[in-house]
Every structure is written in structure tokens, then in C-alpha cells.
Amino acid sequence: FQPKLLQGKRVVVTAGPTFEPIDPVRGITNLSSGKMGFALARAAADCGADVRLIAGPTALETPWGVVREDVQTAQQMYELALSAASGADVFIAVAAVADWRVAHVSPGKIKKTGDGLPPALEFVENPDILATVAHLPEPPFCVGFAAETDDLDNNAAAKRVRKNVPLLIGNLGPDAFGREDNEVVLYDEHGVTRLPRADKTALARELIAVIAGRLPRGLFN
Ligand code: C5P
């Protein structure tokens, strides 16, 4: 562990789920505790980085030394992430962003009709935050995560190319959510690296060291 590994570097992390309202009392969301993203934000701050953590709804405490901004929807996360990413050195997208939002949010609570017919909800696709940042003219070093239920290797490798990110981290198994530990696979332009199952704090430190090793070197580092 090196406390000055990311000294002077600006790191942006998205974490947690997003929440897309249907009406004032209901919404759709994704499974995500935020633990992996918060652990990465903390590990980057421990290595001396200036860290901005853009978090969807979670029950977690802000890691020491990290600047945290809370959002609810994918659209809010997109706007904050894009402004934070300009000039950043590293962008780590860990958030489980809802792929769709409800097209017309009802201003009042939707009532049951009595005829047994459920409401018909229309969905629109949310912007892909990571792909947008990674396609900027001068993007930060971008890292994505992938949680797949099937064929992780092929899906993750394809996702890495489609989103234009140098490094994509695959979660092994859908049971990564909410756990204290995780098992991940790294996909980059050289291929596949499997890391042993580890506590999320230890894993975050290891991943931050991998990311730091991939950053362009300046005059003094
Ligand atoms: O396409 P998929 O959702 O599986 O990709 C997961 C990766 O992309 C994660 O790093 C996630 O944070 C990011 N993502 C995003 N914006 C979205 C969807 C996913 O930044 N709208």
C-alpha cells in the first residue's frame, strides 16, 4: 500500500444504484449496496487522490477525505459525472445505473382502478454515463464494471470495446451484491486476469494499484 501513489490525481467514482420515480411514492431501482464503489473511493483517497464520489441512494457513510455528492436518478448522475469528468485523471463507473426511466412520472400517486388492470408504463432509455465519458475527446482513464448472469468472459470483453474503456472489471456471480467480499476478473487489451476472492476493501486497494500503474506518467512520477 502506497500513500502517495495517486498524489495530485483527480478521481471520480460513481457508486450505488439509481432510483427512477414512477410517482411520488414508487420507483424502479437496481440491486447495489454501493460497497464496492465506496471502497474504491476510499482506497483512492488513501493513496492521496482528490476523490469525488457521485452516489445513488445507499446507507453507507462517506469515506474519510472523499467529496461526496448524492443523486437519485440516472439523469442527475449523468449530469454531475460529466461535469466532474472533465479534467479528471480517472473515472471509475461502479454505479448500477437503471437502463430505463419512466417516460411520464405521475405527479400524484397512481391509484388502483378497480377493474384489475395494471397501469401501462412507458419507458425511455437512460444515457450511458460511462460510454459518454469514455468517448470524450480527452477522456480520463476510464474503468467500468460488469455484472453478468451468463457468459461473463464474452459479454465483458465485448462491453469493454463497445464502451471504449481500457479496463473493465467483471463481477463473478450475481451474488456480489451487498456482500463484504467479491471475486473479479480484469479485461483489458491484453486479455483476461482473474483475481482471487477478497474482502472488498483489500480488493479496492489492489484495483487502485492496477489503475495507478496504467496512468500516463508525468515529469515527476
Ligand atoms: O451496460 P452495463 O450496464 O452492463 O454496463 C455496466 C457499466 O457501465 C458499469 O461500469 C456502469 O457503472 C456503467 N453504466 C453507466 N451508465 C449507464 C449504464 C451503465 O455508466 N446508463
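Residues numbered from 1 in each chain as written. Predicted model: local features only at pLDDT ≥ 70, side-chain atom pairs only at ≥ 80, totals over all residues. Heavy atoms only, no water.

Colleague: Please explain the pairing of strand 10 (residues 167-171) as it appears in this structure.
Modeller: Consecutive side chains along a regular strand alternate between the two faces of the sheet. Here strand 10 lies mainly inside the structure; five of its five residues are buried. Handedness of the crossover is the feature at issue here: the chain leaves strand 9 (residues 141-147), passes through helix 4 (residues 152-163), returns alongside strand 10, and the resulting connection is right-handed. (Buried < 20%, exposed > 50% of the residue type's maximum accessible area, 1.4 Å probe, protein only. Helix = DSSP H or I, 4+ residues; strand = E, 2+ residues; numbered from the N terminus. Right-handed = clockwise from strand over helix to strand, strands pointing away.)

Colleague: So what exactly am I meant to see when it comes to the environment of L6 here?
Modeller: For L6, the location among the structural elements is in the segment before strand 1 (10-15). The exposure class assigned to L6 is buried, which follows from its relative accessible area of 3%. Taking the C-alpha atoms as reference points, L6 and A45, 39 residues apart in sequence, are found 8.1 Å from one another. With residues up to four places along the chain from it excluded, the contact list for L6 reads V11, A44, C47, G48, A49, I208, A212 and L215. (Contact = heavy atoms within 4.5 Å.)

Colleague: I'm lost on the sheet that holds strand 1 in this one. Help?
Modeller: Sheets are built from strands paired through backbone hydrogen bonds, the pairs being either parallel or antiparallel. Within the open sheet, the eight strands sit side by side as 5-4-1-6-9-10-12-13. Their pairing is mixed. The two strands at the open ends of the sheet, each matched to only one other strand, are strand 5 (67-70) and strand 13 (191-194). Direction aside, neighbouring strands of the sheet carry axes that sit 20° apart on average. In the sheet, strand 10 pairs with strand 12 (residues 184-188) via four bridges, with the strands oriented antiparallel. Along strand 12, the bridge assignment pairs L168 with Y187. In this fold helix 2 (residues 74-85) packs onto strand 1, strand 4 (50-55), strand 5 and strand 6 (90-93), with an angle of close to 165° to the strand it touches most, strand 4. (Pairing = 2+ DSSP bridges. Axes fitted to C-alpha atoms, helices over the stretch in contact; angles between N-to-C directions.)

Colleague: Where do I start with the environment of M77 in this structure?
Modeller: Position of M77 among the secondary structure elements: in helix 2. Remark: the alpha-carbon pair of M77 and I54, spanning 23 residues in sequence, is separated by 6.9 Å. If near-sequence neighbours (up to four positions away) are discounted, M77 is found in contact with T14, A15, T18, I54, A55, G56, V71, A95, V97 and I129.

Colleague: Sorry if this is basic, but what is going on with the nonpolar core here?
Modeller: For soluble globular proteins, nonpolar side chains are generally found buried alongside one another. Of all hydrophobic cores here, the largest spans 37 residues; its most connected members are L6, V11, L40, V51, I92, L207 and I208. Counting residues per element, the ones that place at least two in this core are strand 1, helix 1 (35-46), strand 4, strand 6, strand 9, strand 10, strand 12 and helix 5 (200-214). It is helix 1 that provides the largest number of residues to this core, a total of eight residues. Of all hydrophobic cores here, the second largest spans 24 residues; its members include A93, L130, C142 and L152. (Core = buried A, V, L, I, M, F, W, Y, C linked by side-chain atoms within 4.5 Å.)

Colleague: How do you make sense of the pattern of salt bridges when you look at a structure like this?
Modeller: Here the idea is simple: oppositely charged side chains can pair when their charged atoms come close. According to the stated counting rule, one finds 11 salt bridges in the structure shown. The partner of D153 in a salt bridge is R194, and the shortest N-O contact between them spans 2.9 Å. Linking D153 in helix 4 with R194 in strand 13, this pair joins segments that are 41 residues apart in sequence. Here D181 and R197 are joined by a salt bridge, their closest N and O atoms 3.3 Å apart. With D181 in strand 11 (residues 181-182) and R197 in the loop between strand 13 and strand 14 (198-199), the pair connects residues that are 16 residues apart, well separated along the chain. (Salt bridge = Lys/Arg side-chain N within 4 Å of Asp/Glu carboxyl O.)

Colleague: Sorry, what's going on with the pairing of strand 3 (residues 26-29) here?
Modeller: Pairing between strand 2 (residues 19-23) and strand 3: four bridges, direction antiparallel. If you follow E20 over to strand 3, its bridge partner there is I28. Taking the residues between adjacent antiparallel strands as the criterion, strand 2 and strand 3 are bridged by two residues.

Colleague: What am I meant to see in the site of the ligand here?
Modeller: As a structural note, the neighbourhood of the ligand is formed by A93, V94, A95, V97, P127, D128, I129, L130, G144, F145, K159 and K163. For the ligand, a nitrogen atom lies 3.0 Å from a polar atom in the backbone of I129. Between the ligand and F145, the relevant distance is 2.8 Å, taken from an oxygen atom to a main-chain nitrogen or oxygen of the residue. Out of a free accessible area of 450 Å², the ligand has 86% covered by protein chains. (Near = heavy atom within 4 Å. Polar contact = N/O pair within 3.5 Å; in protein donor to acceptor, adjacent residues only side chain to side chain. Areas by Shrake-Rupley, 256 points an atom, 1.4 Å probe, with all protein chains shown as cover.)

The quantities given are spatial measurements derived from coordinates; they are silent on function.
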